[in-house]
Amino acid sequence: MEALQAALVEIVGSDHVLCGEQEMAPYLTDWRGRYHGHALAVVRPATVEAVAAVVRICVQAGVAVVPQGGNTGLCGGATPLETGRSVVLCLGRMRQVRALDADNNTLCVEAGVTLAEVQMMAQAADRFFPLALASEGSCQIGGNLSTNAGGVQVLRYGNMRDLVLGLEVVLPDGRIWDGLRGLRKDNTGYDLKHLFVGAEGTLGIITAAVLKLFPPLRRRATAWLAVPDPAAAVAVLSRLRGGCGDRVSAFELVGRPALELVLEHIEGARDPMSGPQPWYVLVELSDTHEQAPLEALLEQTLEVAMEQGEVLDAAIATSLAQAEALWALRENISEAQRLEGISIKHDVAVPVSRIAEFLACAGERLRRAWPEVRIVAFGHIGDGNLHYNLSKPESSANEAFIARTAEVNAVVHDLVHALGGSISAEHGLGQLKREEIRRYKSEVELDLMRSIKQALDPAGLMNPGKVL
Ligand code: FAD
């Protein structure tokens, strides 16, 4: 162990090899505080050559490598296992901007640059980078790519996989693959970059990426709608897309229990409607043209939707402050739910056309088995992605509530699967869903995944115990 630490110090310097229990502690626990791991060292290289050298040293010593970005992942993917010999490799010092090509609409950055910094760099170049997450101040581009992050604008721009053109990766044997091409067309064989996107660090370490940029959005219109049920929300989405096309950039469903938690726990939160309504939608239209008549378009479409009974009430923001207040209601749901107490969370996706069926069936099945359960459903309904969470009933003790996790997961995930959905829409598998996924992926699909892992990482040292 001492020899390994000395070799790591030789590569990155003693300031960047942490071995003490206290200094390593923040790197050994996940954001939710659910997983606690063990590591021989935390190492923080600043260049791709140093990352490659660290990987080679670890391979020689038979030590596993756990890549870590901003450590905001929600499935324990960046936390080393409790047992086994591993080194946590943090990318936070890889912060160079390699190239900004405004005409090509691309930005090449290293993995440790945060998402918020990328958004700001794009803005400074009169461009726009659309990935947006509540964790954007801390999460890093390497982590966003490795989890194929989603967020609130996938509806229009796609998820992280759709926003990348090229990658640089340190492979599990320590070689560097330079795939930093900024091309929108390149049909020269297998598209290797997509293997590493969403792989959660199990196939290699992403050290840099060429990201796509878009024209800046100069006008936005934001509204909070009350709808009678999720089917009506889906109908409004179709109507808005028909009338406004690609200008629909966000469409978020919020159930009344989710709003109630925000109103109760978040200071300054205010219900935009005069009385309670069963379901809400936060909708945003945006355009690159300053004079685009977004409010008029929104009003016209909503008028028809109201006549059809799809929308019960609507509050359209008339200022930036009002739009921000509406967004805060949506963005604070997770925090409000945390303040309320423990919960069982599901990040699931079904085809948009089956959202209403999913919500009705899941609610019915869960309430039959557990009448007092509190369902807090919200999410990116425009992508068919729901955060289907259960808050602890007031009458239950914490342990009794958590003890029902497997039973509840089976109800929710079996239904998602039956509807042609996914048990992890945007957060990945990590440690959290590694076992669960085996119930739903076919043997053929799992076999293909194992073959890819075996081909790239035969020694199994790249983030072991995650995904597979
Ligand atoms: P980490 O947590 O450090 O790592 C995540 C995984 O990627 C791990 O398996 C790790 O080993 C691997 N990894 C990290 N960096 C690299 C690298 N350079 N090379 C190879 N593997 C690597 N996610 C969404 O998709 N949508 C949301 O709306 C969303 N909202 C969130 C809100 C909050 C408040 C929080 C805390 C999280 C949210 N997340 C969301 C989850 C999380 O922010 C994303 O998964 C994010 O992309 C993780 O980035 P990170 O840098 O923190 O990665």
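Predicted model, so just to flag it, every value in this text is computed and none were measured.

K.L.:
Just give me the short version of the pattern of salt bridges, but keep the residues and values in it.
P.N.:
Evaluation of the coordinates by the stated rule reveals 25 salt bridges. The shortest N-O distance in the salt bridge between aspartate 414 and arginine 439 comes to 2.9 Å. Remark: arginine 439 occurs in the loop between helix H15 (405-418) and helix H16 (443-456) and aspartate 414 occurs in helix H15; sequence separation between them is 25 residues. Each member of the salt-bridge network shares a partner with another, and the members are Arg98, Glu110 and Glu168.

K.L.:
Requested: an account of unusual backbone geometry, with residues and values cited.
P.N.:
The phi angle at asparagine 71 is positive, at roughly 55 degrees, despite the residue not being glycine. Look at asparagine 71 and you get buried, because its relative accessible area is 14%. Of note in this structure, asparagine 463 is not a glycine but carries a positive phi near 45 degrees. When you line up the elements, asparagine 463 lands in the segment after H16. Residue classification places asparagine 463 among the buried positions, given a relative accessible area of 1%.

K.L.:
Account for the sheet that holds strand E6 (residues 106-110), with residues named and values stated.
P.N.:
An order of E5-E6-E9-E7-E8 is seen for the five strands of this open sheet, with the pairing classed as antiparallel. The open sheet is flanked by strand E5 (97-101) and strand E8 (176-179), the only strands paired with a single partner. Sheet twist, expressed as the average angle between the axes of neighbouring strands with direction ignored, equals 10 degrees. Bridge count between strand E7 (residues 164-170) and strand E9 (residues 205-212): six bridges; the pairing is antiparallel. Each bridged residue has a counterpart across the sheet, and for leucine 167 the counterpart in E9 is alanine 209. In the packing of helix H3 (residues 48-61) onto the sheet, the strands contacted are E5, E7, E8 and E9, and the crossing angle to E7 comes to about 45 degrees. The strands touched by helix H4 (residues 115-124) are E5, E6 and E9; relative to E6, the strand with the most contacts, the crossing angle is about 145 degrees.

K.L.:
Describe the site of the ligand, listing the residues and the values that go with them.
P.N.:
Taken together, the neighbourhood of the ligand is formed by 34 residues, with Pro67, Gly69, Thr72, Gly73 and Ser135 sitting nearest. Residue threonine 72 places a side-chain N or O atom 2.7 Å away from an oxygen atom belonging to the ligand. Glutamate 200 places a main-chain nitrogen or oxygen 3.1 Å from an oxygen atom of the ligand. In the complex, 93% of the free accessible area of the ligand, which totals 970 Å², lies under the protein chains. Sorting the residues of the shell around the ligand by element identifies strand E3 (64-68), helix H5 (141-146) and E9 as the ones contributing at least two each. Examining the composition of the shell around the ligand, we find that four residues originate from one element, H5, more than from any other.

K.L.:
Run through the domain arrangement of the protein chain, naming residues and quoting values.
P.N.:
Structurally, the protein chain comprises domain 1 (2-90), domain 2 (97-212), domain 3 (219-334) and domain 4 (341-425 + 432-443). Measuring from the centre of the C-alpha atoms in domain 1 to the corresponding centre in domain 3 gives 43 Å.

K.L.:
I'd like to hear about the sheet that holds strand E1 (residues 17-18), residue by residue, with values.
P.N.:
With mixed pairing, the four strands of this open sheet are ordered in space as E1-E2-E4-E3. With one partner strand each, in any of the chains shown, E1 and E3 form the two edges of the open sheet. With two bridges connecting them, E1 and strand E2 (residues 41-43) associate as antiparallel partners. Counterpart to leucine 18 in the pairing with E2 is valine 42.

K.L.:
Give me the lowdown on the nonpolar core, citing residues and values where you can.
P.N.:
With 53 residues, the main nonpolar core has Phe251, Phe358, Leu359, Tyr388 and Leu390 as its most contacted residues. Looking at this core element by element, the count peaks at seven residues for helix H8 (residues 230-244). A domain split of this core shows at least three residues from each of domain 3 (219-334) and domain 4 (341-425 + 432-443). Among residues more than four places away in sequence, those in contact with phenylalanine 358 are Val348, Val350, Leu386, Tyr388, Val412, Leu415, Val416 and Leu419. In terms of nonpolar packing, the next biggest core, distinct from the first, is built from 32 residues, Ala122, Cys139, Ala209 and Leu211 among them.

K.L.:
I'd like a rundown of the packing of helix H9 (residues 256-265) against helix H12 (residues 333-340), residues and numbers included.
P.N.:
Look at H9 against H12: their axes get within 8 Å of each other, and the N-to-C directions meet at 70 degrees. The orientation of H9 relative to H12 falls into the category roughly perpendicular. Taking contact as the criterion, the partners of Ala258, Leu261, Val262, Glu264 and His265 in H9 are, on H12, Ile333, Ala336, Gln337, Leu339 and Glu340. Residues belonging to the contact of H9 with H12 are distributed by class as follows: six nonpolar, two polar and two charged.

Calculation rules
Residues numbered from 1 in each chain as written. Predicted model: local features only at pLDDT ≥ 70, side-chain atom pairs only at ≥ 80, totals over all residues. Heavy atoms only, no water. Salt bridge = Lys/Arg side-chain N within 4 Å of Asp/Glu carboxyl O. Helix = DSSP H or I, 4+ residues; strand = E, 2+ residues; numbered from the N terminus. Buried < 20%, exposed > 50% of the residue type's maximum accessible area, 1.4 Å probe, protein only. Pairing = 2+ DSSP bridges. Axes fitted to C-alpha atoms, helices over the stretch in contact; angles between N-to-C directions. Contact = heavy atoms within 4.5 Å. Near = heavy atom within 4 Å. Polar contact = N/O pair within 3.5 Å; in protein donor to acceptor, adjacent residues only side chain to side chain. Areas by Shrake-Rupley, 256 points an atom, 1.4 Å probe, with all protein chains shown as cover. Domains from an automatic or database assignment. Core = buried A, V, L, I, M, F, W, Y, C linked by side-chain atoms within 4.5 Å. Parallel < 35°, antiparallel > 145°, perpendicular 65-115°, else oblique. Nonpolar A, V, L, I, M, F, W, Y, C, P; charged D, E, K, R; others polar.

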